[in-house]
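Geometric and topological summary
What follows is the residue order along each chain.
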Amino acid sequence: MTAVVHEEARETSGATTAGVLRYVRRHGGDDAVAEVLRRADLEHLATELEDQARWWSYDTRIRLFTAATEVLDDPDALFHIGASALRSGLGHSLLLVLRALGTPRQVFRQLPRSAAKFTTVQRMHVLETTPTSATFSLTLAEGFAHSPLDCAFARGLAITVPVIFGLPPGVVASSDCESGGTRTCVYRLTWERRSRLRRRRHQGEADPELVALRGQLRTLQSAAGELVGSDDLDTVLHRIVARAGEAVLAPAHLLVVDSPDGGAPLVHAAGIPEDQLPALADRLLAGEDLGPAAVVVDVASARRRHGRLAAIYPTGDGSMTDEQTMLAAYAGHAAAALDLLIALQGARLEAERAGALLALAHELAAASDATAVCQVVAETLPKVVGCSSASVMLWDPALGQLQGRSSARLEPVRRGHFLGTPLRPEDTPELVGMLTDREPRILSVATSSPALGQFMREIDVTDVVAVPLVAGSTFLGVATASWDAGEAPAELGGDVLARLRGVGDQATTALQKARLLETVRHQAMHDALTGLPNRVLFLERLETTVAGTGPEGHLGVLFCDLDRFKDVNDTLGHAAGDELLRQVAARLRAVVRPGDTVARLSGDEFAVVLPDLPDAADARRLAQRVSGCFSEPFRLEGRQVDVGTSVGVAVLAADGPRSADALLREADAAMYRQKQHRGRAASR
């Protein structure tokens, strides 16, 4: 994941805009600030402009300077704003760094580095320094219009340097704006020599270093509070980058941290062109030296190293001594916030997983067939394992193949391909291995066998953990957790596999129960001798078919009774009678249509439901086919035995009874009429 803070051109530090507004508020109140923002057309950015961590365009800077000068009605307002920078809290971290240099002369020697923290379109050069003076130049980049207000602000800032060391403000001895027709302004500043006796401050005047230390502490405390104020990782990472500018003033910051779930590193940045970001992030995370243009620290706590944070300047002129200490202090707060967030997310994730497992147990207890079990398991796996998609495949021993039964989080086209493409051992060595050793497999599209690799590409997954579902010695199928490209955690064989196995164990138990229920249900609805539907299932299907047949539709029912069945039982025994019933069932199934239902109602009575007949006469023709299947003798106990049948026909009529019982009684009555008719004919 990569997030870039999109802002307007990063040419002016928020430390400058914040200082301007604080000065205006102190001298004109909130109404004056509102008027400045209105004139500069910046009312919608009031809060952001007082954020020292933000950066703005040079145009915004000059518009703000111009409006402040007009509202305060002071042509020297920008000089005074620059001169009051210390009282405005301008860059606490920078003041501490500058104070550590020891003397005003050393600060002016570092002036180019200091300037880079406030602007990216102006370059400072030190021309000469003495113990009590410095001459320096300020050059504006091409494409930007020079403003005298900008020059006045720079002079005001310059005179504050001696104040950092307890000296009176400096004096601008000379200034030459746009000297010699160029885009360069030259300034000469002088200051008092430091006395051997520490200068006594006026009553109520605070030490700038002490003020800066207090300000920096407040900044760090505020940042820490803000960082722990969100429970969303992406938001926290964004805030870390946004607030890093308060620790170290720089035009760009980059944060790269390891993903808590083991995925791709998380990258957040501000002020870095998107085309440069990937390569720079890779270098930072790899621990490479980014050179003198960057201040780099680890984001680490006593518990964990999360990643690295960098403040980056356009050139090596920006970084200064001790800034690494400042940034490291801030990074420590960031690491603590990440520790807390990751712990909270971990606890929340475990609670969600526990809830998902509890829900899984309840739903599996209610699942009454294998399809329902597979769907419940597939829907639960992404919540428990954290995978992109999941599936359950069942083994078909009759066909010798693994067939998809359910999937979760696959797109419809991918899901259709998954459900419609079986895996066969002869094509898939991985399946052969699982059938042999019953062990899980960690699969990658790049290293799988050709058939499996093609299958994975067609359903668009790159990494799969597959766990066999085994009951005793019986291989039931496979549960899988899958990841799309770039989403798989670095380690798939540990916690991921353990969770998948746990769900797989529950799935195995539920599948065993579903199979048992299916067996019991089948036994309750089918004849044990012939395997045909029994009277209960026959009537259920007949009722459903009657309800679904419209007034113009045709539905027929055949009722069959065997002739001489009692003679077979009496002469050849009940075993032969049972065999006869099995052979009759087979012949009846062979002569009816695929959609017809053949049932054994009791003893030697059979019935057939004939739905969707083209016309009523077709019921008679099908009855003749049923009678015709008895023309050949049956072979029982090594003998040829002739057995006939009487077939009664009933057809659902638009004006007749529309109930299953009535139709069956009508067919039964027709069967008896045919039997009596044949009996009378035989007696003549």
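Residues numbered from 1 in each chain as written. Predicted model: local features only at pLDDT ≥ 70, side-chain atom pairs only at ≥ 80, totals over all residues. Heavy atoms only, no water.

**Details of the sheet that holds strand 4 (residues 122-130)**
Taken in spatial order, the four strands of this open sheet run 4-5-7-6, and their pairing is antiparallel. Edge positions in the sheet fall to strand 4 and strand 6 (171-176), since each has one partner strand and no second. Strand-to-strand twist of the sheet, defined as the mean angle between neighbouring strand axes without regard to direction, takes the value 20°. In terms of strand pairing, strand 6 meets strand 7 (residues 184-190) through five bridges, oriented antiparallel. When the sheet's bridge partners are listed, Ser175 is paired in strand 7 with Tyr187. (Pairing = 2+ DSSP bridges. Helix = DSSP H or I, 4+ residues; strand = E, 2+ residues; numbered from the N terminus. Axes fitted to C-alpha atoms, helices over the stretch in contact; angles between N-to-C directions.)

**Regarding the pattern of salt bridges**
All told, the structure shown has 23 salt bridges when counted by the stated rule. Here Asp298 ties to Arg305 by a salt bridge, and the two come within 3.2 Å at their closest N and O atoms. Since its relative accessible area comes to 40%, Asp298 is described here as partly exposed. A salt bridge links Glu439 to Arg501, with the shortest nitrogen-to-oxygen separation between them at 3.5 Å. Separated by 62 residues along the polypeptide, Glu439 in the loop between helix 15 (429-437) and strand 14 (441-444) and Arg501 in helix 17 (residues 495-525) bring together distant segments of the chain. (Salt bridge = Lys/Arg side-chain N within 4 Å of Asp/Glu carboxyl O. Buried < 20%, exposed > 50% of the residue type's maximum accessible area, 1.4 Å probe, protein only.)

**Looking at the side chain of Ser646**
Secondary-structure assignment places Ser646 in strand 22 (residues 645-651). Separated by 3.5 Å, the side chains of Ser646 and Asp563 make a polar contact. Excluding residues within four positions of it along the chain, Ser646 makes contact with Phe559, Cys560, Asp561, Asp563, Met671, Gln674, Lys675 and Arg678. (Polar contact = N/O pair within 3.5 Å; in protein donor to acceptor, adjacent residues only side chain to side chain. Contact = heavy atoms within 4.5 Å.)

**Let's talk about the nonpolar core**
Judged by nonpolar contacts, the single largest core of 34 residues is most densely connected at Val373, Val377, Leu381, Val385, Trp483, Leu500 and Leu511. Put simply, the parts of the chain that give this core at least two residues each are helix 12 (323-366), helix 13 (370-385), strand 12 (389-396), strand 15 (463-471), strand 16 (474-483) and helix 17. Not counting residues up to four positions away in its chain, the partners in contact with Leu381 are Gly386, Cys387, Ala390, Ser391, Ala479, Thr480, Leu500 and Val503. One finds Ala576, Leu580, Val608 and Phe634 within the second-largest nonpolar core, a separate group that totals 32 residues. (Core = buried A, V, L, I, M, F, W, Y, C linked by side-chain atoms within 4.5 Å.)

**Digging into helix 17**
Taking 1.5 Å as the rise per residue, helix 17 with 31 residues should run 45 Å; its terminal C-alpha atoms sit 45 Å apart, in good agreement. Every buried residue of helix 17 is listed here: Val496, Leu497, Arg499, Leu500, Val503, Gly504, Ala507, Thr508, Ala510, Leu511, Ala514 and Met525. (Expected span 1.5 Å × (residues − 1).)

**Here we look at the pairing of strand 8 (residues 252-257)**
Taking burial as the measure, the six residues of strand 8 include six buried ones, the bulk of the element. Taking every second residue as pointing to the same face, both faces of strand 8 are buried, with Ala252, Leu254 and Val256 on one and His253, Leu255 and Val257 on the other. Bridge count for strand 8 against strand 11 (residues 305-312) is six bridges, and the pairing is antiparallel. The partner of Val256 across the bridge, within strand 11, is Arg308. Of the strand pairs in this sheet, strand 8 and strand 9 (residues 266-270) are connected by five bridges, and their pairing is antiparallel. Within the sheet, the bridge partner assigned to Val257 lies in strand 9 and is Leu266.

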